[in-house]
Amino acid sequence: MRFLSDRKPSFPADGSPASARRRRLLGSAALSALAVSQARNANASSAELLEPLEPLAVPSWTRTPGTPILTHPYGVPSSFEAQVVRRAARQWPMPGAASSLTPLADLFGTLTPNGLVYERHHGGVPDIDPDAHRLAVHGLVAQPKLFTMDDLLRLPAESRIHFMECSGNTASEWKGPSGLPLQLTHGLLSCCDWTGVRLSTLLEAVGGSTPPAASAPQRWLLAEGADAAAMTRSLPLDAILDRALVVYAQNGERLRPENGYPLRLIVPGYEGNTHVKWLRRLKVVDAPLETREETSKYTGLLPDGRARQFVFEMDAKSVITRPSPGQRLTRHGYYPVVGLAWSGRGMIRTVEVSTDGGANWQAARLEGPVRDRALTGFSFDWTWQGEPATLLSRATDATGYVQPTREALVAARGLNSYYHYNGIQSWRVGADGSVSNA
Ligand SMILES: Nc1nc2c(c(=O)[nH]1)N[C@H]1C(S)=C(S)[C@@H](COP(=O)(O)O)O[C@H]1N2
Ligand SMILES: [Mo]
């Protein structure tokens, strides 16, 4: 007896107009073809396409009751999805320093499940008792205050969806195609629904910041983490006051320890490093404090020897998530080319896709809703006839900024930069359907 699960997915065999309707109907099957070929290297012959569906079989899981409720009091994914996990790109030399990356090619929509949100820690993950945790808001404010978690939970809260990207994301591609798969080139990127207190609300709760002096007209905010790295960053207060959130929840539940439990700062659109985790201190000051994380690190060395400092906003960027390296096109015919676009300066305006290495570009569909400083999905209808192809995507944001080529980026910044690589990414499709970062 053959079970439904034994059946290889069916796809259109060609891109002829006659198969257009089938193509539309089977669009998602083509996608699962990608996934299936990745997992099992399926190689069905075209004869199987014509095979009629068998009457519905009755598999073992239909004939006997399944596992009891509360087998997993906290739900876990299907055992058949065990390969969808965070992965490390490399070993870090310092104790406690580590990173793990989001498997973007295996995700759907734009929200990252909590267990798959990327992680970057400089001093390990502290195990913080929320009852013992305090947030100090002090410095140039009217009434400095220590907040307990209960205090913070009693303040008006809001939930907003924003991406978070480490500025070291995609640094592997500065010198040209690394050969690495998407998870390892772009996986320091996630998008969550964050819940917490708006920074402006928190400042109101301490009576507001004191008026700036003529000699120091700008207010800055020092944010400090409670981890062993004591991550400390200075941020321009006015620019982030109405946008930044002090959050205790992600995607509907309390923060994961690795993502900052019990409290972290979210600065929408700014480099991930400013999203200080395990937040314990916000100090209003009148100049940046030139901490380690804004002097020796998180600066970019330019060809003329000068350094870019306080580069906060993540430039517009996009990447094709399917097909991507490690996957394989198993048939000729229709394929949806799908991906993600984002900008630290606002909304995504357009995404274009090229299948010929950038000679021709066409508009992709944005899969709404398009949100401010959030991942935005795009898709593009492509018919592959077996020719070698080079797939590219290019994002333009609401400010009119266009994602640059690697060459343009290198011409502007040189090759001593590490952070803020946002070049157009190309995936090579071979005549055999293999996809590579070459
Ligand atoms: N306290 C503290 N905050 C931190 C860090 C850290 O090591 N310690 N890492 C920063 C960096 S470099 C990034 S990219 C983001 C990563 O957040 P995540 O681990 O939740 O993905 O947190 C930032 N906040
Ligand atoms: Mo980072």
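See the structure shown above.
Quick summary incoming for the structure in this document. (Residues numbered from 1 in each chain as written. Chains lettered and ligands numbered in written order. Predicted model: local features only at pLDDT ≥ 70, side-chain atom pairs only at ≥ 80, totals over all residues. Heavy atoms only, no water.)

**Quick look at the sheet that holds strand 23 (residues 435–436)**
Reasoning step 1: Across the sheet, 5 strands lie side by side as 18-17-21-22-23; this open sheet has antiparallel pairing. Strands with a single pairing partner mark the edges of an open sheet, and in this sheet they are strand 18 (362–363) and strand 23.
Reasoning step 2: Across 6 bridges, the pairing between strand 17 (residues 348–354) and strand 21 (residues 389–397) is antiparallel. Residue pairing in the sheet places Thr350 in a bridge with Thr396 of strand 21. (Pairing = 2+ DSSP bridges. Helix = DSSP H or I, 4+ residues; strand = E, 2+ residues; numbered from the N terminus.)

**Examining the sheet that holds strand 7 (residues 220–225)**
Reasoning step 1: Read across the open sheet, the 5 strands follow the order 4-3-12-7-8; overall the sheet is mixed. Single-partner strands in this sheet number two, and they are strand 4 (145–148) and strand 8 (232–236). Looking at each pair of strands side by side, their axes are set apart by 20° on average, direction ignored.
Reasoning step 2: Pairing between strand 3 (residues 134–139) and strand 12 (residues 279–285): 4 bridges, direction parallel. The partner of Gly139 across the bridge, within strand 12, is Val284. (Axes fitted to C-alpha atoms, helices over the stretch in contact; angles between N-to-C directions.)

**A look at the pattern of salt bridges**
Reasoning step 1: As enumerated under the stated definition, the model contains 21 salt bridges in all.
Reasoning step 2: The partner of Glu224 in a salt bridge is Arg281, with the nearest N and O atoms 3.1 Å apart. Of this pair, Glu224 sits in strand 7 while Arg281 sits in strand 12; the two residues are 57 residues apart in sequence, bridging distant segments of the chain.
Reasoning step 3: Owing to a relative accessible area of 10%, Glu224 belongs among the buried residues under this scheme.
Reasoning step 4: Judged by its relative accessible area of 22%, Arg281 falls in the partly exposed class.
Reasoning step 5: Here Glu352 makes a salt bridge to Arg394, at a shortest N to O gap of 3.1 Å. Here Glu352 is found in strand 17, whereas its partner Arg394 is found in strand 21, with 42 residues between them in sequence.
Reasoning step 6: It is possible to trace a salt-bridge network through shared partners that takes in Arg86, Glu119, Arg256 and Glu258. (Salt bridge = Lys/Arg side-chain N within 4 Å of Asp/Glu carboxyl O. Buried < 20%, exposed > 50% of the residue type's maximum accessible area, 1.4 Å probe, protein only.)

**Regarding the layout of surface pockets**
Reasoning step 1: Here the second largest pocket is characterised by a volume of approximately 660 Å³.
Reasoning step 2: As for the second largest pocket, its lining consists of 28 residues, of which Arg90, Trp92, Arg120, Tyr418 and Tyr419 are closest to the centre.
Reasoning step 3: For the lining of the second largest pocket, the per-class residue count stands at 14 nonpolar, 9 polar and 5 charged. (1 Å grid on protein atoms, 1.4 Å probe; cavity = no way out; pocket = protein on both sides within 12 Å on 5 of 7 lines; lining within 4 Å. Points joined across faces, edges and corners; volume = space filled by probe spheres on them. Nonpolar A, V, L, I, M, F, W, Y, C, P; charged D, E, K, R; others polar.)

**Some details on the nonpolar core**
Reasoning step 1: Counting 34 residues, the largest nonpolar core has Leu135, Leu202, Leu279 and Leu282 as its most contacted members.
Reasoning step 2: Of all the secondary-structure elements, those providing two or more residues to this core are strand 3, helix 5 (149–153), helix 7 (199–204), strand 7, helix 8 (237–240), strand 9 (245–250) and strand 12.
Reasoning step 3: With 4 residues, strand 12 is the largest single contributor of residues to this core.
Reasoning step 4: Core analysis: the second largest hydrophobic core is formed by 32 residues, Val319, Leu375, Phe378 and Val429 among them. (Core = buried A, V, L, I, M, F, W, Y, C linked by side-chain atoms within 4.5 Å.)

**Let's talk about the site of ligand 1**
Reasoning step 1: Around ligand 1, 20 residues are found, and the nearest of them are Tyr118, His122, Asp227, Asn259 and Lys277.
Reasoning step 2: Interatomic distance of 2.9 Å between a backbone N/O atom of Arg120 and an oxygen atom of ligand 1.
Reasoning step 3: Here ligand 1 has 530 Å² of accessible area as a free molecule, and 100% of this is covered by the chains.
Reasoning step 4: At a threshold of 2 Å from the grid points, most atoms of ligand 1 map onto the largest cavity.
Reasoning step 5: Here the element with the most residues in the shell around ligand 1 is strand 2 (residues 119–121); it accounts for 3 residues. (Near = heavy atom within 4 Å. Polar contact = N/O pair within 3.5 Å; in protein donor to acceptor, adjacent residues only side chain to side chain. Areas by Shrake-Rupley, 256 points an atom, 1.4 Å probe, with all protein chains shown as cover. Sits in = over half its atoms within 2 Å of the grid points.)

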